[in-house]
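# Examination of the molecular architecture
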Amino acid sequence: MRGKKIIITDEDVKLLVTIIGTIGVTNGRPYQYKVEAWTNENEKYETKVVPTEGDPEFDEELQIFQDKNFPAQSLYVDVFKTNSTGTYFVGRGVTLLPTVKGVDFYREVELSGPEETGFIQLSLNLMEFEILGYVSS
């Protein structure tokens, strides 16, 4: 743009969460699974539903925006299963967020639930993005 100069107007922080899959949460019966993840319980993010008789593999990335002035410290994940009779809570896991930006951290997070136990596999990456704008030069 003529007479305009690009400047950095702000910065955003996103947590990139790759939901890889689960270990040991299935009983061998056919179910459909989904995962909810959040750092702020008022803003939950969901994966697609995955039908399987074994441990589900999601391989799905969720982008969770973070407040750079009040950063979250933990990521919460809930695993649910669904069949023709309803949706059931499988378990919840909690893990600390990475403090280093731009690096992938692999985690196997233990799930606690009413019946079944197991793990959820995650990859976490804390990213900082610059927001660009124009000013007259």
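Residues numbered from 1 in each chain as written. Predicted model: local features only at pLDDT ≥ 70, side-chain atom pairs only at ≥ 80, totals over all residues. Heavy atoms only, no water.

Naming follows an unreviewed UniProt entry, where the chain appears as C2 domain-containing protein of Arabidopsis suecica.

### Focus: the overall build of the chain
Stated formally: By the criteria applied, helices consist of DSSP H or I runs no shorter than four residues and strands consist of E runs no shorter than two, each listed in order from the N terminus. For the radius of gyration, the atoms used are the C-alpha atoms, and the globule rule reads 2.2 Å times the number of residues raised to 0.38. Partly exposed describes any residue whose relative accessible area lies between the buried limit of under 20% and the exposed limit of over 50%, with all areas from a 1.4 Å probe on protein chains only and scaled to the type maximum.
Of the regular secondary structure elements, the chain holds 0 helices and 9 strands. The order of helices and strands in the chain, counted from the N terminus, is β-β-β-β-β-β-β-β-β. The globule rule puts the C-alpha radius of gyration for 137 residues at 14 Å, and the 19 Å found for the chain is more than 25% above it. Along the first, second and third principal axes, the C-alpha atoms of the chain reach 65 × 25 × 25 Å. A buried classification covers 37% of the 137 residues belonging to the chain.

### Topic: the side chain of T22
The following threshold applies: Polar contact is the term for a pair of N or O atoms within 3.5 Å; when the atoms are in protein, one must be able to donate a hydrogen and the other to accept it, and sequence-neighboring residues count only if both atoms are side-chain atoms. We call two residues in contact whenever any of their non-hydrogen atoms come within 4.5 Å of each other.
Within the secondary structure, T22 is located in strand β1 (residues 4-23). In terms of polar contacts, T22 uses its side chain to reach the side chain of D55, at 3.3 Å. Look past the residues within four positions of T22 in its chain and what remains in contact with it is D55, P56, F58, F119, I120 and Q121.

### Details of the packing of aromatic side chains
Where we set the bar: What counts as a ring pair is set by centres within 6.5 Å for rings of Phe, Tyr and Trp (its six-membered ring), and what kind of pair is set by the plane angle: stacked under 30 degrees, edge-to-face over 60, tilted for all other angles. We call a charge positioned over a ring when the NZ of a Lys or the CZ of an Arg lies within 6 Å of the ring centre and within 35 degrees of the ring normal.
As enumerated under the stated definition, the model contains 3 aromatic pairs in all. Here the aromatic rings of F80 and F89 are separated by 5.9 Å at their centres, their planes lie at 65°, and the arrangement is edge-to-face. Look at F80 and you get buried, because its relative accessible area is 16%. The side chain of K34 reaches across the aromatic face of F80, ending 5.7 Å from its centre. One residue, K44, lies across the ring of W38, its end atom 4.2 Å from the ring centre.

### Observations concerning the pattern of salt bridges
Put simply, the rule reads: Whenever Lys or Arg places a side-chain nitrogen within 4 Å of a carboxyl oxygen from Asp or Glu, that contact is recorded as a salt bridge.
A complete count under the given rule lists 4 salt bridges for this structure. Between E60 and K48 there is a salt bridge, with the nearest N and O atoms lying 3.5 Å from each other. You can see E60 sitting in strand β5 (residues 57-66) and its partner K48 sitting in the loop between β3 (45-46) and β4 (50-52), a full 12 residues away along the chain. Of the residues examined, E60 reaches a relative accessible area of 17% and is grouped as buried.

### A look at the environment of D59
Mapping D59 onto the fold places it in strand β5. Taking the relative accessible area as the measure of exposure, D59 reaches 63% and is therefore exposed. Sequence spacing of D59 and T18 is 41 residues, and the spatial spacing of their C-alpha atoms is 6.4 Å. The contacts of D59, once residues within four sequence positions are left out, are T18, I19 and I20.

### Points about the layout of surface pockets
Selection criterion: Of the grid points, spaced at 1 Å and generated over the protein atoms alone, those admitting a 1.4 Å probe that cannot get out make up cavities, while open sets with protein on both sides within 12 Å along at least five of seven lines make up pockets; any residue with an atom within 4 Å of a point is treated as lining. Grid points are joined across faces, edges and corners, and a volume is the space filled by probe spheres set on the points. When residues are grouped by polarity, Ala, Val, Leu, Ile, Met, Phe, Trp, Tyr, Cys and Pro land in nonpolar, Asp, Glu, Lys and Arg in charged, and all others, Gly among them, in polar.
The volume enclosed by the largest pocket comes to roughly 170 Å³. Forming the boundary of the largest pocket are V13, Q66, D67, K68, P71, A72, Q73, L97, P98, T99, K101 and L126. Per-class residue counts for the lining of the largest pocket are 6 nonpolar, 3 polar and 3 charged.

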